[in-house]
Amino acid sequence: MLPFTLEQFLNVFASYNKAIWPAQIVAYLLGAIALAALLRPGRASDRVVSAVLGLMWLCTGVLYHGVFFSSVNKAAFAFGALFVAEGVALLYTGVVRDGLRFAINYGFRAVIGAGFILYASLVYPLIRIATRHSWPALPMFGVAPCPVTIFTFGPLLMTTRRFSYWLLVIPFIWSLIGGSAAILLDVRQD
């Protein structure tokens, strides 16, 4: 049983989206920059992708979980801490240590990764609209937990060299948490 209703959940998104507007547009622009960086492999591009992912996790952790979702679920503070930890880990590993290498190729992992990116950025919001939920009560790309998590799996599946699988632990944990809430609340796109 969840400590909040579907109506409360959607109201949090409505308040959040109104308060951070136009950050959703900035998130899409950052996602496009990350995609462009994936198309131009190189150390600077790798850092750009890592920075975009890290910023999305940090902002979602602090703003969505810490400021907004915590009003209906006190566990959001713990969720926010996980998101901040993932953001810091991505920034440290990919930007500071220059330890992530990304490239689009035609291997199975990259194709699945491209599917995650496409789903998080385009299909996800369309499903939400098709299920009769509209702006501002939409979990938006780049600023909401589930789309950020789904998007993150995309580039991480496009890495070209081994990296610490610890970077996957928090996205996997959130997939379980967000997925269970999605089932209970009938949030189909999740």
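Summary of the structure given here.

Another point: the packing of helix 5 (residues 108-130) against helix 6 (residues 145-157). Their axes nearest at 7 Å, the elements helix 5 and helix 6 cross at an angle of 155 degrees. It follows from the interaxial angle that helix 5 and helix 6 lie roughly antiparallel. The hand of the helix 5/helix 6 crossing is left-handed. Two secondary-structure elements touch here, helix 5 through Arg 109, Ala 110, Ile 112, Gly 113, Phe 116, Ile 117, Tyr 119, Ala 120 and Tyr 124 and helix 6 through Cys 146, Pro 147, Ile 150, Phe 151, Phe 153, Gly 154, Pro 155, Leu 156 and Leu 157.

With that out of the way, let us pick up helix 3 (residues 43-68). In this model helix 3 runs 36 Å from its N-terminal to its C-terminal C-alpha over 26 residues, within 8% of the 38 Å that 1.5 Å per residue would give. The largest bend in helix 3 amounts to roughly 30 degrees and is located at Thr 60.

What the rule picks out here adds up to 5 salt bridges. Among the ionic pairs, Asp 98 bridges to Arg 43, the shortest N-O distance being 3.0 Å. Linking Asp 98 in the loop between helix 4 (76-96) and helix 5 with Arg 43 in helix 3, this pair joins segments that are 55 residues apart in sequence. Under the relative-accessibility criterion, Arg 43 is labelled exposed at 54%. Linking Asp 98 and Arg 101 is a salt bridge whose minimum nitrogen-to-oxygen distance equals 3.0 Å. For Asp 98, a relative accessible area of 8% puts it in the buried group. Each member of the salt-bridge network shares a partner with another, and the members are Arg 43, Asp 46, Arg 47, Asp 98 and Arg 101.

A separate point is the packing of aromatic side chains. For the coordinates displayed, the defined rule picks out 17 aromatic pairs. Between Phe 116 and Phe 153, the aromatic rings sit 5.8 Å apart at their centres with planes inclined by 50 degrees, giving tilted as the arrangement. Linking Phe 116 in helix 5 with Phe 153 in helix 6, this pair joins segments that are 37 residues apart in sequence. Among the residues examined, Phe 116 registers a relative accessible area of 30% and is labelled partly exposed. Pairing Tyr 119 with Tyr 124 gives two aromatic rings, centres 6.2 Å apart and planes at 90 degrees, and the pair type is edge-to-face.

Attention now moves to helix 4. In a regular helix each residue adds 1.5 Å, so 21 residues correspond to 30 Å; helix 4 covers 28 Å between its end C-alpha atoms and thus fits that length. Along helix 4, the positions that sit buried rather than exposed are Ala 76, Phe 79, Gly 80, Phe 83, Glu 86, Gly 87, Leu 90, Thr 93 and Gly 94. At its buried positions, helix 4 is contacted by helix 3, helix 6 and helix 7 (169-185). Positive backbone phi, at 55 degrees, marks Asp 98, one or two positions downstream of helix 4.

Further remarks concern the environment of Phe 102. Mapped onto the secondary structure, Phe 102 falls in the loop between helix 4 and helix 5. When the C-alpha positions of Phe 102 and Gly 42 are compared, they lie 8.1 Å apart, and in sequence the two are 60 residues distant. Not counting residues within four places of it along the chain, the set of residues in contact with Phe 102 comprises Leu 38, Pro 41, Asp 46, Val 49, Ser 50, Pro 155, Leu 156, Met 158, Thr 159 and Thr 160.

Quick notes on the rules
Residues numbered from 1 in each chain as written. Predicted model: local features only at pLDDT ≥ 70, side-chain atom pairs only at ≥ 80, totals over all residues. Heavy atoms only, no water. Axes fitted to C-alpha atoms, helices over the stretch in contact; angles between N-to-C directions. Helix = DSSP H or I, 4+ residues; strand = E, 2+ residues; numbered from the N terminus. Parallel < 35°, antiparallel > 145°, perpendicular 65-115°, else oblique. Left-handed = near helix turned anticlockwise from the far one by under 90°. Contact = heavy atoms within 4.5 Å. Expected span 1.5 Å × (residues − 1). Bend = angle between axes of the 7 residues up to and from the residue. Salt bridge = Lys/Arg side-chain N within 4 Å of Asp/Glu carboxyl O. Buried < 20%, exposed > 50% of the residue type's maximum accessible area, 1.4 Å probe, protein only. Phe/Tyr/Trp six-rings, centres within 6.5 Å; stacked < 30°, edge-to-face > 60°.

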